[in-house]
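Listed here are the chains, written in short residue letters.
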Amino acid sequence: QVQLVESGGGLVQAGGSLRLSCVASGRTFSMYTMGWFRQAPGKEREFVAAINWSRGTYYQSSVKGRFTISRDNDKNTVYLQMNSLIPEDTAVYYCGVQGRPYGSGSEPYEYWGQGTQVTVSS
C-alpha cells in the first residue's frame, strides 16, 4: 500500500524559511513525477511545484525564485525548500505522485499525503 507522509510545516514569520519533506513508502517512485500542491482556506487546491524522473522542475509563477523542489530517490523522498515566505503562502501543503511512471505534465496525480500546515505571519 502506497503511503506519503509530509512533515516540516509550521508557523513562521514573513521572510522566513521552511523545508517540507514527503517520504513515500509501498512503491519506488524514482521514475514518477512528484509534486507539491497547497490549499488555502476557502480556496481550491493549487499546483505549487513538481519534479520529474530526470529532475526537470516546474513551478507556479508566484513561487518561482523563492521555492525549490528536489528529490532523493534513495530515500524515496521529495522536498520543498521555501524561502522568503509571505502570508499568501499560508495553506495546507500536500505531496502528490503521478499515477504512472514517465507521465506527461497532464498525467493525474493519484497518490496523496495527508498534508502539512504552513502558516506565515505578517
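Provided above is the structure to which this section pertains.
Let me sum up the structure you'll find in this document.

This paragraph deals with the sheet that holds strand 3 (residues 18-25). Ordered by their spatial adjacency, four strands build an open sheet running 1-3-8-7, and the pairing between neighbours is antiparallel. What marks the edges here is a single partner per strand, and that holds for strand 1 (3-7) and strand 7 (67-72). Here the strands of the sheet are splayed against their neighbours by 15° on average, with no regard to which way each runs. Two elements, strand 1 and strand 3, share five bridges in a ladder whose sense is antiparallel. Across the sheet, the residue bridging to Leu4 is Ala24, located in strand 3.

A few words now on the state of the cysteines. Under the defined criterion, the tally for this structure stands at one disulfide. Put simply, Cys22 and Cys95 are joined by a disulfide, and their sulfur atoms are 2.1 Å apart. Every disulfide takes its handedness from the sign of the S-S torsion; for Cys22 and Cys95 that torsion is -75°, giving left-handed. Here the residue Cys22 occupies a position in strand 3, and Cys95 occupies one in strand 9 (residues 91-98), the gap between them amounting to 73 residues.

Definitions and cut-offs
Residues numbered from 1 in each chain as written. Predicted model: local features only at pLDDT ≥ 70, side-chain atom pairs only at ≥ 80, totals over all residues. Heavy atoms only, no water. Pairing = 2+ DSSP bridges. Helix = DSSP H or I, 4+ residues; strand = E, 2+ residues; numbered from the N terminus. Axes fitted to C-alpha atoms, helices over the stretch in contact; angles between N-to-C directions. Disulfide = S-S within 2.5 Å.

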